[in-house]
Amino acid sequence: MTESYTIFIDFEFSMPQKKGMPKDFYPEIIEAGIVVVHNNEIIEQFSEYVRPTAFPILTSRCMEFLSITQDQVNTGISLEELVNRFKGYNERGKCKVVTWGNMDMKVLRDNCRKADLPFPFTGEFVDLSMEYKKFFGDQNQTGLWKAVRDYGKDGVGKHHRALDDALTTLHIYRLVEKDKQYLQNSATTTIGDRIDLSQLLNKFAL
């Protein structure tokens, strides 16, 4: 029997300065957070910085926004090592990848294409922000940490840290799935649920 895994992924990306964007700039993955779930249990967590190659020097805007340093990414793993890790997950069994928004998979695909690496996943992809939007009927997509606060909960750790955001995505996923199950299991209320008909019939039998 094929094993099933759900992988929650969050990336942080490099970003240009607001002015003077380098020619042909594109965002590169510089931090990866991964949470692997099997049978509703977390079986693995992974957090690592990733070395950018096309634009290896981070901008001051990027470092300030993400609270990340040049030394941290310089000592990170390569994109190829990250892709090989994903490939290993994909080969374990049936794999569903969950992200908040579609940007993570778009950037991963783009980074793989530019580095001439095969895209590592073949299974199902879930954009949880769209699932959340459809479930609650929101007109606009909601940010990750706003969504968890709307549930009256707190995010995990610190926002814009990849592993913390991946864990927060898992947290919201479980909350939404629980609500979906509740609605599916809630049968339509009948008059028999609201009135004790046996007592009413006994009254008229007297």
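Small disclaimer: the values here were computed from a predicted structure and weren't measured. (Residues numbered from 1 in each chain as written. Predicted model: local features only at pLDDT ≥ 70, side-chain atom pairs only at ≥ 80, totals over all residues. Heavy atoms only, no water.)

Participant: In this structure, what is going on with the overall build of the protein? I would like to understand it.
Facilitator: On a plain count of helices and strands, the protein comes out with 9 helices and 5 strands. Shown N-terminal to C-terminal, the secondary structure of the protein runs as helices and strands in the order β-β-β-α-α-α-β-α-β-α-α-α-α-α. Relative to its 206 residues, the protein shows a buried fraction of 42%. (Helix = DSSP H or I, 4+ residues; strand = E, 2+ residues; numbered from the N terminus. Buried < 20%, exposed > 50% of the residue type's maximum accessible area, 1.4 Å probe, protein only.)

Participant: Got a minute to help me understand the nonpolar core in this structure?
Facilitator: For soluble globular proteins, nonpolar side chains are generally found buried alongside one another. Judged by nonpolar contacts, the single largest core of 25 residues is most densely connected at F11, I29, L82, F86, L108 and F121. When residues of this core are traced back to their parent elements, those giving at least two are β1 (4–13), β2 (29–38), α3 (79–92), β4 (94–99) and α4 (103–114). Formed by 21 residues, the second largest nonpolar core is a distinct cluster that contains L128, L163, L167 and I172. (Core = buried A, V, L, I, M, F, W, Y, C linked by side-chain atoms within 4.5 Å.)

Participant: What should I look at first to understand α4 in this one?
Facilitator: Note on helix geometry: an α-helix contains 3.6 residues per turn, so any two residues three or four positions apart are oriented the same way. Spanning 12 residues, α4 covers 16 Å between terminal C-alpha atoms, matching the ideal 16 Å at 1.5 Å per step. Within α4, burial applies to D104, M105, V107, L108, D110, N111 and C112. Count one or two residues on from α4 and you reach D116, which has phi positive near 60 degrees. (Expected span 1.5 Å × (residues − 1).)

Participant: Could you clarify how one ought to interpret the packing of α3 against α4 in this entry?
Facilitator: If you want to describe how two helices pack, look at the angle between their axes and the distance between the axes. Contact geometry for α3 and α4: axes closest at 11 Å, N-to-C directions at 120 degrees. The pairing of α3 with α4 is recorded here as oblique in orientation. Classified by chirality, the crossing of α4 by α3 is left-handed. Across from L79, V83 and F86 in α3, the residues of α4 making contact are L108, N111 and C112. Looking at the contact of α3 with α4 residue by residue, the class counts come to 5 nonpolar, 1 polar and no charged. (Axes fitted to C-alpha atoms, helices over the stretch in contact; angles between N-to-C directions. Parallel < 35°, antiparallel > 145°, perpendicular 65-115°, else oblique. Left-handed = near helix turned anticlockwise from the far one by under 90°. Contact = heavy atoms within 4.5 Å. Nonpolar A, V, L, I, M, F, W, Y, C, P; charged D, E, K, R; others polar.)

Participant: Can you walk me through the confidence of the model for the protein in this structure?
Facilitator: Reading predicted coordinates in detail is not appropriate for stretches of low pLDDT. In this model, the protein carries a mean pLDDT of 87, and residues with pLDDT of at least 70 account for 88%. For residues 187–195, every residue scores under 50 in pLDDT, and the model assigns this stretch 3 contacts once sequence neighbours within four places are set aside. (pLDDT = per-residue confidence, 0-100.)

Participant: Mind showing me how you'd approach the sheet that holds β4 here?
Facilitator: Sheets are built from strands paired through backbone hydrogen bonds, the pairs being either parallel or antiparallel. Taken in spatial order, the 5 strands line up as β3-β2-β1-β4-β5 in an open sheet, and their pairing is mixed. Single-partner strands in this sheet number two, and they are β3 (41–49) and β5 (124–127). Ignoring which end each strand starts from, the neighbouring axes of this sheet average 20 degrees apart. Bridging between β4 and β5 involves 4 bridges; their strand directions are parallel. When the bridges of β5 are listed, T99 appears paired with D127. Against the sheet, α4 contacts β1, β2, β4 and β5, and its axis sits at roughly 80 degrees relative to β1. Seen against the sheet, helix α5 (residues 128–136) touches β4 and β5 and runs at an angle of roughly 55 degrees to β5. (Pairing = 2+ DSSP bridges.)

Participant: How do you make sense of the pattern of salt bridges when you look at a structure like this?
Facilitator: Opposite charge on two side chains permits them to pair, given that their charged atoms come into close proximity. For the structure shown, the criterion picks out 5 salt bridges. The salt bridge partner of R113 is D110, with a shortest N-O separation of 2.6 Å. Of this pair, R113 and D110 both sit in helix α4, 3 residues apart, which is roughly one turn of the helix. The closest approach of N and O atoms between K146 and D150, which form a salt bridge, is 3.0 Å. With K146 and D150 both in helix α6 (residues 144–150) and 4 residues apart, this pair spans about one turn of that helix. Each of E44, R85 and R92 takes part in one network of salt bridges that share partners. (Salt bridge = Lys/Arg side-chain N within 4 Å of Asp/Glu carboxyl O.)

Participant: Explain the packing of aromatic side chains here, please?
Facilitator: If you walk through the whole model with that rule in mind, you get 11 aromatic pairs. Taking the centre distance of 6.2 Å and the plane angle of 70 degrees together, the rings of F119 and F121 count as edge-to-face. Of the aromatic side chains, those joined through ring pairs into one cluster are F11, F13, F86, Y89, F119, F121 and F125. Directly above the aromatic system of F46 lies the positively charged group of R85, at a separation of 3.8 Å from the ring centroid. Cation over ring: K114 sits above Y26, and NZ or CZ is 4.6 Å from the ring centre. (Phe/Tyr/Trp six-rings, centres within 6.5 Å; stacked < 30°, edge-to-face > 60°. Lys NZ or Arg CZ within 6 Å of the ring centre and 35° of its normal.)

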